Amino acid sequence: MSFLKHKRSVDDIWPVRGKRVLVRVDFNVEITNGAIGKSKDQRIRAAIPTIRRITDQGGICILMSHMGRPTGHKYSVLKCDDAKRQRYLDIWKEERGAGYTVYFSLLSGDCKKKILLWSSVASDAADLSDVEGAGKTDLFASLSNDEKKMLLKRFQNDDHNAAFPQLRQYDGFHDELTLMPVAAHLYELLNADQSHPPVEVHFAEDCMNAGDMVASLLPGQVLLLENLRFYSDENSRIESERIMMAQHLASYGDFFVSDAFGTLHRRNSATTVELPAVMGHGCCGYLLKKEIESYVDLLGDTPRPMLAIVGGAKVADKISLLEHILQKIDTLIIGGALSFTFLKVAGYEIANSFHESGQSFIDKYGEKRNIDELAQNFLIRAKACNVQVLLPVDHVCHTVCEASDSPLITETAHIPNGYMGLDIGPRRIELYRKSISQSRAVVWNGPMGVFELPTYATGSFSIAKEIGDRTQEVGLISIIGGGSSTDAARMCGHASRVCHVSSGGAVSLDLLEEKVLPGIDALDDL
């Protein structure tokens, strides 16, 4: 495969003892009230083998990660203004990443002004203009956390729907964006195994001002840097800003290891693209190594017949993948909400089921694409490629997307008026299981239904079980391609029984489409 090559790994770094190894990880996990649930820490656990490889041999492991999507501040500005830098550092520390000030900063000028006029600094706010840069965010930051929280709750309780589209990148001010709880959780995980020597885990409250902490680290110790995205340079569209951040971070280490699979499709990243270029080398950790090896095996000389199972919601998100894999597969299963658009254009009644029939979207080339035409042309092309396309023939339905003790199970692919399809039916489950049993390789990306509700989990869970059974019994080559399908497989306990569970949904799609990923391309070939 010319587009994806094996890369040098952490095993190729030698000697490690006393050396500082920068490791880009993906610790973007869900944190609630300062804690990480055991079911939410998979990304942290996945990085432990790479961390152990470094610390067990006396290396110094310096971890870098992002968390959420804060607006961030430019390093080029803050590095020259110690007072401003300290003010923002204090905000991050005092709010513990809860994001009150970040949330406020994303609002429009008039909304900011209105909130401040409710506050204890209303008299100061009255003199500020609505334009950007007038000082409203700095004034808000000076308030106590209790008052910030009260003001934002009042704002959200008002009718401000028009303001929320600009907040789509940020789930709300209760999200915790500091990595401090991750450091504590990582310490527990690393020291749970008594067969390994104890590991000290330190935390740097400012990722761009950690030089003294780095210099004080001893062999076998770990340092986790604070959220990289607290600086906008990490994912800036301006190359010079990304390079400046990469050059500063490069001063912390001797080697660079990339183990954040879910970020490698991003071209604008100081730590996944610019950092290995600045350091003159880069290798992959064990997580990324397994991802690359698995996709090389799947997309290289793959045993046939090969089956692709594709679910999800939007045709626009999956059509490129569907079109690309036609030359590599023998059978295609389309499930989930994605299937209803195809059923609709094929003439079936889908009632209130989610679909995109009659809609259009603008593709990456700026062209308007009609979704009905895309679906119809795809089915024609699949037939020309001798690929069997399997759509649902029965459904588990309800009038609303809620759990039910007595959902409607249809006899055919038609859905009666007033209902919506929420899972594949029992007849289609058996047909899909048969298709899996007849295949020698399977890739699954996207659930079959609303598996988060037990009523509609049977389809996705049955797929996961059958893939696991065939992998264990006859050596089926199997990959679950990240995202919700991974969550479904883990929820039903079959994720560990397949060949590989990918850790990145969007990145998995790019690899299946044989796109060159900037974060992989930046690493050294084997």
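Quantities reported herein were computed from a predicted structural model and do not represent experimental measurements.

Rules used in this analysis
Residues numbered from 1 in each chain as written. Predicted model: local features only at pLDDT ≥ 70, side-chain atom pairs only at ≥ 80, totals over all residues. Heavy atoms only, no water. Salt bridge = Lys/Arg side-chain N within 4 Å of Asp/Glu carboxyl O. Helix = DSSP H or I, 4+ residues; strand = E, 2+ residues; numbered from the N terminus. Buried < 20%, exposed > 50% of the residue type's maximum accessible area, 1.4 Å probe, protein only. Pairing = 2+ DSSP bridges. Right-handed = clockwise from strand over helix to strand, strands pointing away. Contact = heavy atoms within 4.5 Å.

1. Some points on the pattern of salt bridges
Next up, step 1: Evaluated as defined, the whole model comprises 19 salt bridges.
Next up, step 2: In this structure, Lys5 engages Asp525 in a salt bridge whose closest nitrogen and oxygen atoms are separated by 4.0 Å. Placement of Lys5 in the segment before β1 (20–24) and of Asp525 in the segment after α21 (518–521) is noted, with a sequence separation of 520 residues between them.
Next up, step 3: A relative accessible area of 44% means that Lys5 is categorised as partly exposed.
Next up, step 4: Note on Asp525: relative accessible area 37%, which makes it partly exposed.
Next up, step 5: Among the salt bridges present, the one from Asp26 reaches Arg43, with a minimum N-O distance of 3.5 Å.

2. A short note on the pairing of strand β5 (residues 255–258)
Consecutive residues of a regular strand have side chains that alternate between opposite faces of the sheet.
Next up, step 1: Going residue by residue along β5, you find Phe255 and Val257 tucked away on one face and Phe256 and Ser258 tucked away on the opposite face as well.
Next up, step 2: Two elements, β1 and β5, share 4 bridges in a ladder whose sense is parallel. The residue of β5 that forms the bridge with Val23 is Val257.
Next up, step 3: Direction of pairing for β5 relative to strand β6 (residues 283–284): parallel, over a ladder of 2 bridges. Counted as the bridge partner of Val257 is Cys283 from β6.
Next up, step 4: In this region the chain leaves β5, passes through helix α12 (residues 270–279) and returns to the parallel neighbour β6; the handedness of that crossover is right-handed.

3. A few points about unusual backbone geometry
Next up, step 1: Residue Pro15 follows Trp14 across a cis peptide bond; omega there is -5 degrees.
Next up, step 2: On the secondary structure map, Pro15 appears in the segment before β1.
Next up, step 3: Backbone geometry at Ala351 places phi at a positive 50 degrees, although glycine is not the residue there.
Next up, step 4: With respect to the helices and strands, Ala351 occurs in the loop between α15 (338–345) and β9 (360–362).
Next up, step 5: A relative accessible area of 26% places Ala351 in the partly exposed class.
Next up, step 6: Although it is not a glycine, Asn386 sits at a positive phi angle of roughly 60 degrees.

4. Examining α12
Next up, step 1: Of all 10 residues making up α12, 8 are buried, and the element is well covered by its neighbours.
Next up, step 2: Lining the buried residues of α12 we find β1, β2 (60–64), α11 (239–250), β5 and α21.
Next up, step 3: Immediately downstream of α12, the backbone of Gly280 shows phi near 80 degrees, a positive value.

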